[in-house]
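# Notes for the structure review
Spelled out from the first residue to the last, the chains are:
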Amino acid sequence: MLSRESSATLMSAITAFLYREARLQDEHQYEAWEKLWTDDGVYWVPANGADIDPERQMSIIYDNRSRIALRVRQLMTGKHFTQTPQSNLRRLISNVELMDEQPDDGDIAVASNSLIFESSLRDDTLWAARNEYRLRHVDGELRMASKKVILVNNDKAIYTLSFLV
Amino acid sequence: MNIMTGASPWERLIRPDRVHGSLYTDPEIFEAELKNIWYRTWVYVGHESEVPNANDYVVKSIGPQSVIMTRDEQGKVNLLLNRCSHRGNQVCSYERGNARSFTCPFHSWTFANDGRLVGYAFPDGYEGQDKSQLALGRVTRVESYRGFVFGSFAADGPTLKEHLGGAAETIDRLVRTSPEGEVEITAGFLKHRVKANWKFILENECDGYHPAFVHTSIFGVADSMIGKLYGGASTALTRDYGNGHTEIDLRPEFRKRDAPMSWFGTSEDRLPDYTARMKAAHGDTTAREIMIDGTPHVMIFPNLFIAEIQMFVIQPLGVDDSVQHVTALQFKGAPDLNRRLRQQTMGSVGPAGFLLADDSEMYERCHRGVLARNPEWIFLGRGEKRERQDELGFTVGHVTDEVPSRGIWTHYRKLMEPD
C-alpha cells in the first residue's frame, strides 16, 4: 500500500508514469494514452486563469470520461483534419512534485511543469503549462483520475490545440 | 478609378460568381477594410449582461482597437477607447472589473467611467486648460438591440435597426428561447487565434457545403444528427438578408421532425423545468413552436455569429491574423438548458473543440492556398442558377449553396467602393 512505500520509490514510479504519458502523447498513441485513465477520469484545460469554476465558465477542454473517449475516437478516424497530418511533438516534463501523498480520497496529488514544441502545417508553436494530477493505483498500476493542464497563456487568444496536451 | 475601363478596382476584384484571391491576402486591402468597414459600419462589441451593475466594465475590441465597455453610475453603457488622452497609454489593463474611474499609470490622469477627465497630477501645470477637451475617446455611435451592443465610428449613416434590417428578426427569434425573453452572456470567452484572413471565418459561418466533409470525423463517432441537416436531401435553406447578413435556416428540417428541443438533440422530458417555464411564459402552442424551431444560425455582418447554441465574435488583427471569441449562449430563466449549452459549447468550439479545430484548419489552409497565383479566383457560383426569393423578398438557396458568400461580397463591395 501507499503508506508503506518510501517516498523515493513512489516518486520514481510517478515520474516514470508521467514520462510514459508524455511519450504516448508526443507519439500519438491515442488508445494507449486513453488506457491511462480511470473510469471516472476528468481531463480539464481551463481558460482565463487556473481557478475558474468549470461548471459555470468556459474551459478549453473539460472532458468527462466518455468525452475523453470521444476525443480519442475522433483522432482515430484519420479524418480529423487538424491532426491529419499529425503535429510533430516533443515535450519536456520537469519540476515533478508530490503535492499530497495521502489526501482524504486516497488519490495521490502530483504536479509538474511541461514545455511542448509543436510543429504543424501552420507553424512551430511553443506551449507551456502547469499540470496537476490526481493519480490512483488501480490493479497495481498508476492511473489518472484527473489531469488539469493550466496553460501559461490561457487568458490570451491561442492557436488550435488539437493534439493531446 | 480606372478611367479606361470605367471599372473600379473593386468591380474588377468582386464578380457576381467569383472574387479575387488577393482580397484575402493584400495588406493594403486589409488597411482599407479597417477604414471602410471596421471603423465605419455597425460592429458588435459586447452584451449588456456583461456589465450588469453600475461601474462594471469589460474590455472588448473593434478590430485591433481596445474598447472599454462600461456601465456608468447612471446606468448608461459607454464604449470608450482604451487610450489616455495625454500620451496614448492604455488606461485599463484588466479584462473586467468594477471601477468608478480609470487612472492612467503613466502620469496619473484619471477618467470617470463615462470618459470624462476628472483629474491629472500636478494640475498647476495645466492652468486654464479645459478638461472637457481631454476626455477619453469614444466610439462615435452606440446602440443596442435586445441587449446586443454595437458601435459605429461613423457620425452619420444608417441606424442600427436599419443596418440589421431583416436580420433583426433572427435576434428576436433568439431571445424567445428564454422564458424571460433575454440572452445572458455570463460564461466567459474562449479566444481562438488563427493565422488566416477574417473573411475566411466570416464566409465559413453560413457555408452549409462544408460540414459533411470537414466535420465528418466527429459526426461519424458522435452519432450526430447534424450531418443530415447539411446533406444533399436537406430542406434547410441559405438566406441573404442584405447588408451582408446571412443565415442558414434549419427550421424546415426541425419542423419535419416536429419534436420540441430536437434542434438541440434533446427532448422536453429531459428539460422538464425549462419546458414548464416556456409554456408558462408563451402558452402551450407558441412554446411548442419556439421549441421546435430552435435558435437561429445567423452571421450578422461583419463580426457577430450566432450559431444556435453559442455566440462567436470575429476580430481581425492583421491581414493573416484573426481571433474568434466564443461563448455559450445563456438564456435568462433557463438554468437546466444553460448547463447543457455550456457543456455542448465546450465540447464543440474553441481551440480544442471537436468542430472548430477542423474549421480553423480549413481557414489556415485556405489562406496559404490563395497565396498561389493561379487560378486567381475563388469560385462562388454554387446554386447561382437555382436561388430564388422567399416570401419576404430575401434571396434563398439550398443549404449547401453559396448564397451567403455572394451576399457578403455584394455588401462588401458597396462598403469598399468610394461613395
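Reading guide: rules and limits
For every chain, the first residue of its written sequence is number 1, and the numbers climb from 1 along that sequence. All chains are assigned letters beginning with A, and all ligands numbers beginning with 1, in the order in which they are written. The model is predicted, so local features are restricted to residues of pLDDT at least 70 and side-chain atom pairs to those at 80 or more, both for listing and for counting; the totals for chains, interfaces and linings are taken over all residues. Every helix listed is a DSSP run of H or I at least four residues long, and every strand listed is a run of E at least two residues long, numbered separately from the N terminus. Throughout, radius of gyration means the C-alpha value; the globule benchmark is 2.2 Å times the number of residues raised to the power 0.38. Note on contacts: residues are paired as contacts if their backbone-placed C-beta atoms lie within 7 Å. Burial in this document is a count-based property: other C-beta atoms within 10 Å of a residue's C-beta are tallied, and the residue is buried at 20 or more, exposed at 12 or fewer, or partly exposed in between, with C-beta positions derived from the backbone. DSSP calls a pair of strands paired once it identifies at least 2 bridges connecting them. Helix axes are fitted only over the stretch in contact, all axes being lines through C-alpha atoms; the angle between N-to-C directions runs from 0 to 180 degrees. Think of it as three bins: nonpolar holds Ala, Val, Leu, Ile, Met, Phe, Trp, Tyr, Cys and Pro, charged holds Asp, Glu, Lys and Arg, and polar takes everything else, Gly as well. Definition of nonpolar core: a set of buried Ala, Val, Leu, Ile, Met, Phe, Trp, Tyr and Cys residues joined via C-beta atoms within 7 Å. Domain start and stop points were drawn from an automatic or database domain assignment. Between 65 and 115 degrees an angle is taken as roughly perpendicular, under 35 as roughly parallel, over 145 as roughly antiparallel, and anywhere else as oblique. Each helix crossing is assigned a hand: it is left-handed if the near helix lies turned anticlockwise from the far helix by less than a right angle, otherwise right-handed if that turn is clockwise.

A word on the overall build of chain B. Within chain B, the secondary structure is distributed over 15 helices and 24 strands. Whereas a compact globule of 419 residues would reach a radius of gyration of roughly 22 Å, chain B reaches 23 Å, a difference of no more than 12%. A principal-axis box enclosing the C-alpha atoms of chain B has dimensions of 75 × 65 × 40 Å. For chain B, the proportion of contacts with a sequence separation of at least 24, taken over those separated by at least 6, is 60%.

So, on to the overall build of chain A. When you go through chain A residue by residue, the secondary structure sums to three helices and six strands. Walking chain A from its N terminus toward its C terminus, one meets helices and strands in the order α-α-β-β-α-β-β-β-β. Its C-alpha atoms give chain A a radius of gyration of 16 Å, near enough to 15 Å, the size a compact globule of 165 residues would have. Seen through its principal axes, chain A has C-alpha atoms that stretch 50 × 30 × 30 Å. Here chain A, with 165 residues, has 35% of them falling under the buried criterion.

Quick look at the sheet that holds strand 10 (residues 117–119) of chain B now. Residue and element names in this part refer to chain B. Overall, antiparallel pairing links the three strands, which are arranged 8-9-10 in an open sheet. The open sheet has two edge strands with one neighbour each: strand 8 (101–103) and strand 10. Taking each pair of neighbouring strands and ignoring which way they run, the sheet shows an average axis angle of 30°. By the bridge criterion, two bridges tie strand 9 (residues 110–112) to strand 10 in an arrangement that is antiparallel. Within the sheet, the bridge partner assigned to Phe111 lies in strand 10 and is Leu117.

Contacts between the two partners involve 30 residues from chain B and, on the opposite side, 29 residues from chain A. A per-element tally of the side of chain B that touches chain A places helix 8 (residues 216–222) of chain B first, with six residues. Among the residues making up the side of chain B that touches chain A, the classes are represented as 14 nonpolar, 10 polar and six charged.

The next subject is the nonpolar core. Of all hydrophobic cores here, the largest spans 141 residues; its most connected members are Val165 of chain A together with Tyr44, Val45, Val67 and Met69 of chain B. For this core, the element with the most residues is strand 6 (residues 141–151) of chain A, which contributes five residues. Apart from residues lying up to four places away in sequence, Tyr44 of chain B is in contact with Phe148, Phe150, Ile300, Asn303, Leu304 and Val313 of chain B.

We now examine the sheet that holds strand 6 of chain A. All names here are of chain A. Read from one edge to the other, the open sheet built from six strands follows the order 2-1-6-5-4-3, with strand pairing classed as mixed. Two strands in the sheet have a free side with no partner beyond their single neighbour: strand 2 (59–63) and strand 3 (88–100). Between one strand axis and the next, the sheet turns by 20° as a mean value, whatever way the strands run. Pairing of strand 5 (residues 124–138) with strand 6 involves 10 bridges; the strand directions are antiparallel. Across the sheet, His137 pairs through a bridge with Leu142, a residue of strand 6. Helix 3 (residues 65–76) rests against strand 1 (37–46) and strand 2 of the sheet, and its axis sits at about 75° to strand 1.

For the rest of this paragraph, the subject is the domain arrangement of chain B. The figure often quoted for interface size is the accessible area lost as the parts come together. All names here are of chain B. In terms of domains, chain B is made up of domain 1 (43–152) and domain 2 (167–416). Between the C-alpha centres of domain 1 and domain 2 there is a distance of 32 Å. Per-element accounting of the side of domain 1 that touches domain 2 gives the leading share, three residues, to strand 3 (residues 43–47). A breakdown of the residues in the side of domain 1 that touches domain 2 according to their chemical character gives five nonpolar, five polar and two charged.

Further remarks concern the packing of helix 6 (residues 198–205) of chain B against helix 14 (residues 356–369) of chain B. Residue and element names in this part refer to chain B. The geometry of helix 6 relative to helix 14 is characterised by a closest axis approach of 9 Å and an angle of 130° between their N-to-C directions. On the basis of their axis angle, the class for helix 6 and helix 14 is oblique. Between helix 6 and helix 14 lies a crossing whose hand is right-handed. Side by side, helix 6 and helix 14 meet where Phe200, Ile201 and Asn204 of the first sit next to Asp359, Met362, Tyr363, Cys366 and His367 of the second. Of the residues belonging to the contact of helix 6 with helix 14, the class tally is five nonpolar, two polar and one charged.

This part covers the environment of Ala287 of chain B. Residues and elements named next belong to chain B. For Ala287, the position within the fold is in helix 12 (residues 284–293). Accessibility expressed as a C-beta count within 10 Å gives 22 for Ala287, which makes it buried. Through-space distance from the C-alpha of Ala287 to that of Thr275 is 8.0 Å; in sequence the pair is 12 residues apart. Contacts of Ala287, omitting those with residues within four sequence positions, involve Met278, Lys279 and His282.

Moving on: the packing of helix 11 (residues 272–282) of chain B against helix 12 of chain B. All names here are of chain B. In contact at an axis separation of 7 Å, helix 11 and helix 12 are set at 125° when each is read in the N-to-C sense. The angle between the axes of helix 11 and helix 12 places the two elements in the oblique class. Seen from above, helix 11 lies across helix 12 with right-handed handedness. For the pair helix 11 and helix 12, contact is made by Met278, Lys279 and His282 and by Asp284, Thr286, Ala287, Ile290 and Met291, respectively. Along the lines of polarity and charge, the residues of the contact of helix 11 with helix 12 split into four nonpolar, two polar and two charged.

Residues and elements named next belong to chain B. Along the polypeptide, Leu356 turns up in helix 14. Since 26 C-beta atoms lie within 10 Å of it, Leu356 is described here as buried. Spatially, the C-alpha atom of Leu356 lies 9.8 Å from that of Val214, the residues being 142 residues apart in sequence.

What follows deals with the pairing of strand 4 (residues 108–119) of chain A. All names here are of chain A. Burial along strand 4 is one-sided: the residues Ile108, Val110, Ser112, Ser114, Ile116 and Glu118 are buried and none of Ala109, Ala111, Asn113, Leu115, Phe117 and Ser119 is. Both strand 4 and strand 5 contribute to a ladder of 12 bridges, which runs antiparallel. Bridging from a neighbouring strand, Ser119 pairs with Asp124 of strand 5. In sequence, strand 4 turns back onto strand 5 through a hairpin of four residues.

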